[in-house]
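Structural overview for review
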Amino acid sequence: MLYELKVRFKRIFDTAPHRQAAARRLCELEVNALDLGIDLKSFFRTYERWQEEILNYFDAHQTSAAVEGINNKARVVIKRAYGLKSVTSLWNRLVLDLNLAGQALGRSIQRLRELVHGLKVLFRPYCT
C-alpha cells in the first residue's frame, strides 16, 4: 500500500498540469493514506509548512537539481581535499569529480574554465 502511495506521489509530480491540480491530488493522496491507516502525518505536516514553495514547482516544472548536485560534489571535494598543498591540486580534484558537469549543464569548456577560475579564487584561502 505504501509503495502504491509512493507511485501515485511521483505520478502527481510527473503529470499534474498546474498547481491547483497538484494541490488537489496531494490532498486526495493524504486522505487515501489516512483511509489506509498509513501514518504519514510528519510528511504531510512538512508539505503543509512548505506548500507554497512545493507547489511553485508546478508553475514551470523546473528544479534546482543540477545546481544542488554540483554543490554536493563541491562539499564532498572539500572534505576529501583536506591536506592538499596547492590550489592546482584542488583544481585537479574538482576537474576529476566534475568532468561530466559541462555535458550535464550544457556548458562549454570555456565556461567551465571561467567557473573553475572563480572556484580557485574562492578556495585559495583554504589550501594549506
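Here is a short report on the structure shown in this document. Throughout, residues of each chain are indexed from 1 in the direction in which the sequence is written. Given that the model is predicted, a residue must reach a pLDDT of at least 70 before its local features are reported, and side-chain atom pairs must reach 80 or more before they are shown or counted; all residues, however, enter totals for whole chains, interfaces and linings. In computing side-chain properties, one takes all heavy atoms of the structure into account and sets aside hydrogens as well as water.

Quick notes on the overall build of the protein chain
- Helix and strand assignments come from DSSP, with helices taken as H or I runs of at least 4 residues and strands as E runs of at least 2, each series counted from the N terminus. If you tally the helices and strands in the protein chain, you get eight helices and zero strands.
- Mapped from its N terminus to its C terminus, the protein chain presents α and β elements in the order α-α-α-α-α-α-α-α.
- Throughout this description, buried means an accessible area under 20% of the type-specific maximum (1.4 Å probe, protein chains only), exposed means over 50%, and partly exposed covers the range between. For the protein chain, the residues scored as buried account for 23% of the 128 residues in total.

Here we look at the packing of aromatic side chains
- Here is the rule: rings of Phe, Tyr and Trp (six-membered ring for Trp) pair when centre to centre is within 6.5 Å. Planes less than 30 degrees apart are stacked, more than 60 are edge-to-face, and the remainder are tilted. Taken as a whole and judged by the stated rule, the model has six aromatic pairs.
- Between the aromatic rings of F13 and Y57, the centroid separation amounts to 5.6 Å while the plane-to-plane angle is 40 degrees, which identifies the pairing as tilted. Of this pair, F13 sits in helix α1 (residues 2–15) while Y57 sits in helix α4 (residues 51–60), and the two are 44 residues apart along the sequence.
- On the basis of relative accessible area, Y57 is assigned to the partly exposed category, the value being 21%.
- Between Y57 and F58, the ring centres sit 5.1 Å apart and the planes meet at 80 degrees, which makes this aromatic pair edge-to-face.
- Taking relative accessible area as the criterion, F58 reaches 2% and is therefore assigned buried.
- Members of the aromatic cluster, joined through ring pairs, are F9, F13, F43, F44, Y57 and F58.

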